[in-house]
Amino acid sequence: MTDERKAYYWLCSCGLTARKAQTLLGIYGKPSEILADLRSEKLREFCGNAYAVLEARADEELLTRELREIKKLGLRVLVIGYDGYPERLKNSMEYPPPVLYARGDVSVLSLPSVAMVGSRASTDYGRRVASEWAAELSGTFAIVSGHATGIDTYALGGALEAGGRAISVLACGHDRFDEPSFMRKAEDRLLVISEYPPGRRANKFVYHERNRLISGLSDGVIVVEAGEKSGALITARAAAEQGKPLFAVPGSVLSSRSAGTNALLRSGATAACSPSDILEDMGYESAVSAEAAKLTGNRAVIAEILREGDAHFDVIAEKLGLNAGEAAELLGEMELEGLIERKMMNKYSLLVR
């Protein structure tokens with residue numbers, strides 16, 4: 001087989017783990033050399049149960065047909081060492097998958113990125129943090145997450161609804177994923193990626209592998225809300241192993257759904273109490289912080305009041321020393337300019353930091 005990229009596809013579509021595939025590449029140098037030594041007894045022993053599939057699929061015509069079908073699905077095959085393959089994976093993972101299957105704009109892979117993960121069984125608190133923080137952080141980063149209902153989808157949805165870019169990492173083949181409507185509406189800003197070929201179903205082991213890939217594709221990892229045995233903790237461990245900044249959002253000590261995130265904080269993860277904490281720690285300036293720095297006079301006072309949390313109209317007016325009409329006019333101007341937001345019960349929150 002002379003087409004090396006086709007040979008990579010052969011190697012990675014036979015059920016071998018990324019570790020085994022990379023080990024073989026380390027020994028042979030390239031997949032065409034593995035093909036040339038296909039009858040080796042040592043290779044048979046090393047591959048174990050996967051050897052029979054490896055042997056049966058060593059058919060160039062079969063591979064050509066399959067790759068043609070993959071293209072019809074709108075997928076691009078990214079091969080390690082070739083254009084398009086994400087440098088982050090090569091630089092941070094001991095055993096990066098030699099092949100990735102991508103649908104969408106692969107240029108997103110070159111952007112600064114953060115992973116935002118958490119439990120499926122999330123609370124209103126966790127879902128709000130994921131959605132609102134992803135929206136703000138998407139001004140600087142592509143948001144990376146999985147595809148599970150809960151924190152993952154709220155993070156992706158928050159980023160996409162704010163006009164940002166996002167990467168959804170699958171634990172199955174693309175044809176086994178029923179893309180939700182909010183993703184379909186923003187396909188021009190979303191990359192859906194998997195290390196598994198079409199047809200592959202998800203299982204427990206695959207989710208473990210997928211979580212390490214989420215971290216590998218990111219410059220840092222944020223765990224929003226996670227129980228004691230949440231799969232998001234696998235992503236957190238991968239971040240630590242890969243040397244990535246790890247952030248955890250503090251949660252209630254009375255909630256079992258925050259037990260995992262609070263344990264991460266005890267173990268040394270950085271506490272993130274706002275998006276600006278993450279931006280600052282990762283060496284970025286918030287796009288809105290520059291706007292906040294321009295505020296003067298009563299506007300700066302309002303921003304300072306709301307940095308402490310949401311505040312009622314009457315409290316703001318009293319601290320400013322303004323009558324109701326003057327305070328309403330000023331707050332209305334700031335709301336129209338996107339600096340603050342009026343919420344229920346006549347309370348206001350700050351949109352810049």
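Residues numbered from 1 in each chain as written. Predicted model: local features only at pLDDT ≥ 70, side-chain atom pairs only at ≥ 80, totals over all residues. Heavy atoms only, no water.

Chemist: I'd like a description of the pairing of strand 5 (residues 166–169), backed by residues and values.
Modeler: Of the two faces of strand 5, the one carrying Ala166 and Ser168 and the one carrying Ile167 and Val169 are both buried. Alignment of strand 4 (residues 142–145) against strand 5, held across three bridges, turns out to be parallel. Among the inter-strand pairings, Ile143 is bridged to a residue of strand 5, identified as Ala166. On the question of chirality, the crossover connecting strand 4 to the parallel strand 5 by way of helix 9 (residues 151–161) is right-handed. Examined bridge by bridge, strand 5 and strand 6 (residues 190–194) share four bridges and lie parallel to one another. Residue pairing across strands places Ala166 opposite Leu190, the latter belonging to strand 6. (Buried < 20%, exposed > 50% of the residue type's maximum accessible area, 1.4 Å probe, protein only. Helix = DSSP H or I, 4+ residues; strand = E, 2+ residues; numbered from the N terminus. Pairing = 2+ DSSP bridges. Right-handed = clockwise from strand over helix to strand, strands pointing away.)

Chemist: Mind laying out the sheet that holds strand 2 (residues 99–104), listing which residues take part and the relevant values?
Modeler: Across the sheet, nine strands lie side by side as 1-2-6-5-4-3-7-8-9; this open sheet has mixed pairing. Edge positions in the sheet fall to strand 1 (76–79) and strand 9 (270–271), since each has one partner strand and no second. Running over the sheet, helix 11 (residues 204–216) touches strand 2, strand 3 (113–118), strand 4, strand 5 and strand 7 (221–225) and is turned about 160 degrees from strand 5. Most of the contacts of helix 12 (residues 232–242) go to strand 7, to which it runs at about 155 degrees, and overall it touches strand 3, strand 7 and strand 8 (246–248). (Contact = heavy atoms within 4.5 Å. Axes fitted to C-alpha atoms, helices over the stretch in contact; angles between N-to-C directions.)

Chemist: Can you lay out the nonpolar core for me, pointing to particular residues and giving the numbers?
Modeler: Formed by 57 residues in total, the largest nonpolar core has its most connected members in Trp10, Leu11, Ile193 and Val223. With six residues, the top contributor of residues to this core is helix 1 (residues 4–12). When residues no more than four places from it in sequence are discounted, the contact partners of Val223 are Val117, Ala232, Ala236, Leu246, Phe247, Ala248, Val249, Thr261 and Leu264. (Core = buried A, V, L, I, M, F, W, Y, C linked by side-chain atoms within 4.5 Å.)

Chemist: I'd like a rundown of the pairing of strand 6, residues and numbers included.
Modeler: Among the five residues that make up strand 6, five are buried, leaving the element largely enclosed by the rest of the structure. Covered by surrounding structure in strand 6 are Leu190, Val192 and Ser194 together with Leu191 and Ile193, the residues of both alternating faces. When strand 2 meets strand 6, the two strands line up antiparallel, connected through four bridges. The partner of Arg103 across the bridge, within strand 6, is Val192.

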